[in-house]
Amino acid sequence: MAVITVLSIGDPKQFTEITRLFSENGAKLSVSGASDIKDAITKLQVNHYDVVVGNFDLGKENGLDFIARVKKQIQYSPVTIFIGEQAPSVVKEAIKSGIDYFFLTNDENDLELVRLNTFIRQTVKNKQAEESLHYADTNFRTIVEATDDSIYMIDRHYRYLFINSPHQKRLGIFGEDYESKLYKDLHTEDETRRFINSMNQVITNNDYFYEEYEKDGRYYSRKFIPVRYQTSQQTLAVTVVSIDITDRVRLEDEISRGTSLVTATFESTSDGIFVVDRSGKIINYNQKFLDMWFIPETVIEERDEEVLLAFIEDQLEDRKTFIEKLNYLKAHPDKEAFDVLEFRDGRIFERNTLPQRIGGTIIGRVWSFRDVTEQRKTLSSLQVTQANYRSVVESTGDSIFMVDSDGCYLFMNSYHKSKLGDIAERYLENRMRVMLPPGEETRFDQAVERVLSTKRQVQDEFRWMTKDYIRRFTPVSEENTNEVRAVTVVLTDISDWKAAEQEVKNNEERLKILFDLAPEAYLLTDIKGTFIESNRAATDLTGFTPDDLRGRNIFTMGLIGSMHITKTAVLFAKNALGKPTGPDEVHISRKDGKILYAEVMTYPIRIRTQNLVMTIARDITERKAAEEALKQREEQYRLLVNNAGEAVFVIRETRIIFANPKSSIIFGYDQEQLINSSLLDIVHSDDQEEFLVLLQRAMQGEQIHAGISVRGYTASGELRWLEVGMAEIVWQNKSSVLLLCMDVTKQKIAQDALVQSNRKLNLLSSITRHDVLNQITILLAYLDLLKKKNKDPELEPFIGKQVEATQAIRSQIVFTKEYQDVGVKEPQWQNLGSTIAAASEYSRTEFVSWDNRLNSIDIYADPLLEKVFSNLISNSVMHGESVNEIRFFTEEKSSGLTLVYEDNGIGIPDKDKKKIFHHGFGKNTGFGLFLSREILSITGLSITETGKEGKGVRFEIFIPRNLYRLM
């Protein structure tokens, strides 16, 4: 917590009571002094002070003169507290002129102290609310660029306005200038025709349009979103979000459940987000943002940033800083910013803002907000407790010292040293006994002995040096043994309190003024609930004037809602026992019939001989409405998770701390059995090591997308195949991992059955092929014999054709032997460096090199991966002509890893780049690159050739993010 700076005009020791109240309410103080008003104004012009404390009469000038000069010469207004003995008319004038609090030194009764304590508590709270501006989240541009989806914008003339990185990659225009290009410039005629037809539907109907389509063997969904003009709602352009849904087409049920979970996760975000363009128009926002700021529909419908920010700034404590930061960001649209916002109602938000860019152009700004109220409260409490202890002991106006069982000094604070004088400096080395007035030694020793024996606090009063004191003896115990090792003694000067008791009768009118001007509703009743007095704030809250309330009973007049009559009676019963209560919530029925929620605190007080109850109330109706809305949203999220189609776990370390109903269905355990059990108990032992690695990656902030398979056991011992996804979340204010488990056992069984069938077909094919090749060998032998014995020249061409056809048949059958091995065996994790080394050794090529980094990368591929590399090397040696250098290396991108193969040969002509992967194309059999592409596609890898003719080949093998790992 930040230090509250105090400027005292005059002697700071005169204001110890006020600084004590600041400390008791959790403030850390820094006190400076000024000799007079002139000196105070000079220091306020140079330094910032939160509070100014001084006597009302300041020589030739007084507090009214000081306030006038502050308003004229100082840009900000510190909290002003003046003390003195003045007539009611002077007090009224001082408060009207701007003095925040007037402390009447001859008027200190219980009621005055309660009001002063309330004022200082609010002052400290306001100061605590000034610490902001620290953490950040993401902006709209980051979200768009981080997604794997293609996102682009097209205007009404079918020109590209924006393309994100994934779509640039799909189009193959890395780093190129796409602006002003037409859609047809980057797509085929059929694609352009279909796109224009879909886009025209959006422009005509001025509404969203959704479609699915297929391209190059993959399936995509495409959503057309109209970008409208703010007032006329005319569609100016269309934003297109294109998603690869190939897996969804193949496994529709799996994608459906996955989509539901993604939606639930997005809706459960704890950050409020909104986006504006350069002109101040609100482009987008989420519901969380509206809920956090209590923004009504009438405000957000304006789509105007100025209107929205004007509504927001009224809720903040420091509006000036907030507005200055907004003006700075408008003048510097390329700047990022982070700060902390503190609200008048005590909430604290972290605010992060980043510029939104398209390409290199800034088009707007993203704002995100996170509620950190509870974290800040906890941190502030700990810091105050740990850091301010010595400050409180040394700055208090009480004498504080510690003695052992013999009554010898062990410690004394500075104030007590000043009381003792020079002799205090030798109290430790001489084991000096406590200095007491004559006749007090015995009573002091008895009090110490009583504390040591009972281990409880003892309190008494005594007179010393013409002053009256309350003396508190408190045991100091060992933490482990609870044995009392010393006694702390606190002497509090109560001389002024005793003198003030004689002046209470003369202060009623002045108390009435202060009571009436209090900012909160004050209601004074007797112990039975009959109203005696109320202030202006109480009239504003209830609608009843003091005359309306006076003499009426709180329980019979209908002011308290019927459901809360009993609660209110309990509060008064506690007051009758001398106990304060609150804060509590009650219904209040205003005079005009409107029902309010009020937060009330009650204090038992005594005026003369009468026991009374002071009730302090504030309107919390809006806060209650916000809390109810929050409860409804939490219920919606609970229903989404409980009805999810996948098992949803929350994991801390490896312990399950939450499991949804679907998890019980999949694993056969009751939810109570799953909670607090170890997740490793249901994970197959062979998969536990891999699972723990995934869990560790998720805890470090990496998102593990669904698609990774592990095995698990049900309660009955059945084996289940699971596809899992993980993400780090905060659960109950602690870091945890959200685990999603989809049961794919049936799909796995079907896949295994298919593999077995393929193996049987391959065996049959192998036997048949062997027999056919034997017969072809015999046929070729007879054809060769026929060719040698033929004497008719006219038959030679026919015999040659027969030989050529037979050899073609043989090549086709040899190809089936190569192709039958593709996809037969399970894909596996293979080390890139080792696989390249084996392929290089098989090809007997010494000039193959690869980046050392490849030795620490594993990829998930068909076991024939080595054949892909050896085929590339063989092609370079056979067809590259001048090849004497071959190298492998990787390039990592946001969407995955690219393995690059390059040689320094003659390269491949541009017209042949797409044909080289076709079956039958090439100088020999034409099988090699076709087979390579088939082998890679088994696990979703792809291969393209991007080299320059005359400068060598460049094959790029793209490996998606979930198909490689770093060792």
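Attention here is on the structure that accompanies the text. (Residues numbered from 1 in each chain as written. Predicted model: local features only at pLDDT ≥ 70, side-chain atom pairs only at ≥ 80, totals over all residues. Heavy atoms only, no water.)

Considering the sheet that holds strand β34 (residues 848-850)
To summarise the sheet geometry, strands pair through backbone hydrogen bonds and adopt either a parallel or an antiparallel arrangement. Strand order in this open sheet of five strands is β34-β36-β37-β39-β38, and the pairing throughout is mixed. Only two strands of the sheet have a single partner each, and these edge strands are β34 and β38 (942-945). Recorded for the sheet is a direction-independent mean angle of 20° between the axes of neighbouring strands. In the packing of helix α31 (residues 865-879) onto the sheet, the strands contacted are β34, β36 (886-893), β37 (896-903) and β39 (954-960), and the crossing angle to β37 comes to about 30°. (Pairing = 2+ DSSP bridges. Helix = DSSP H or I, 4+ residues; strand = E, 2+ residues; numbered from the N terminus. Axes fitted to C-alpha atoms, helices over the stretch in contact; angles between N-to-C directions. Contact = heavy atoms within 4.5 Å.)

Details of unusual backbone geometry
Put simply, Gly582 and Pro583 share a cis peptide bond, and its omega is 5°. Relative to the elements of secondary structure, Pro583 occurs in strand β25 (residues 581-589). The phi dihedral of Asn206 is positive, around 55°, even though this residue is not glycine. Tracing the backbone shows Asn206 in the loop between α8 (189-205) and β10 (209-215). For Glu881, which is not a glycine, the phi torsion comes out positive at approximately 65°. Note that Glu881 resides in the loop between α31 and β36.

Overview of helix α4 (residues 88-97)
Quick reminder: α-helices carry 3.6 residues per turn. Residues three or four places apart thus point the same way. Those residues of α4 that fall on the buried side of the exposure criterion are Val91, Ala94 and Ser97. For α4, the arc enclosing every buried residue in end-on projection is 130°, short of the 170-degree limit, so these residues lie on one face. What points out from α4, more than 90 degrees from its buried face, is the exposed set Ser89 and Lys96. Within two residues after α4, Gly98 carries a phi angle of roughly 125°, on the positive side. (Buried < 20%, exposed > 50% of the residue type's maximum accessible area, 1.4 Å probe, protein only. Arc of directions from axis to C-beta.)

Some words on the pairing of β39
A large share of β39 lies buried, amounting to six of its seven residues. The sheet contact formed by β37 and β39 spans seven bridges and is antiparallel. By the bridge assignment for β39, Leu897 is matched with Ile959. The pairing of β38 with β39 spans four bridges and is classified as antiparallel. Within β39, the residue paired with Ile943 across the bridge is Ile957.

Digging into the pattern of salt bridges
Enumeration according to the criterion identifies 41 salt bridges in this entry. Salt-bridge contacts for Asp548 lead to Lys591; the nearest nitrogen and oxygen are separated by 3.2 Å. Taken together, the residues Asp548 in helix α22 (residues 546-549) and Lys591 in the loop between β25 and β26 (595-607) connect sequence positions 43 residues apart. According to the relative accessible area criterion, Lys591 is partly exposed, its value standing at 49%. Its salt-bridge partner being Glu891, residue Arg954 comes within 3.3 Å of it at the nearest N-O pair. In this pair, Arg954 is assigned in strand β39 and Glu891 in strand β36, connecting sequence segments 63 residues apart. Overlapping salt bridges bring together Glu520, Glu585, Glu599, Arg618, Arg623 and Lys624 as one network. (Salt bridge = Lys/Arg side-chain N within 4 Å of Asp/Glu carboxyl O.)

Looking at the nonpolar core
Counting residues in each nonpolar core, the largest one holds 33 residues, and the members touching the most others are Ile859, Phe869, Phe888, Leu899, Tyr901, Phe955 and Ile959. Elements that contribute at least two residues to this core include exactly α30 (832-843), β35 (857-861), α31, β36, β37, α32 (928-937) and β39. Sequence-distant contacts of Phe955, defined by excluding residues within four places in its chain, comprise Leu872, Leu899, Val900, Tyr901, Ile908, Ile916, Phe917, Leu929, Ile943, Thr944 and Glu945. (Core = buried A, V, L, I, M, F, W, Y, C linked by side-chain atoms within 4.5 Å.)

Examining the environment of Leu21
Along the chain, the position of Leu21 falls in helix α1 (residues 16-24). Of the residues examined, Leu21 reaches a relative accessible area of 5% and is grouped as buried. Through-space distance from the C-alpha of Leu21 to that of Leu116 is 8.4 Å; in sequence the pair is 95 residues apart. Once residues lying within four places of it in the same chain are set aside, the contact partners of Leu21 are Leu116, Asn117 and Ile120.

Some words on the sheet that holds strand β12 (residues 235-244)
The five strands are arranged β9-β8-β12-β11-β10 in an open sheet whose pairing can be described as antiparallel. Either end of the sheet is taken by a strand with one partner, and the two such strands are β9 (160-163) and β10. Along the sheet, successive strands turn relative to each other by an average axial angle of 20°, direction set aside. Where strand β8 (residues 150-155) meets β12, six bridges bridge the pair, whose relative direction is antiparallel. Along β12, the bridge assignment pairs Ser150 with Ser242.

What to know about the environment of Glu145
Structurally, the position occupied by Glu145 is in helix α6 (residues 140-146). Its relative accessible area of 22% is what places Glu145 among the partly exposed residues. With sequence-adjacent residues up to four places away left out, Glu145 is seen in contact with Phe162, Asn164 and Ser165.

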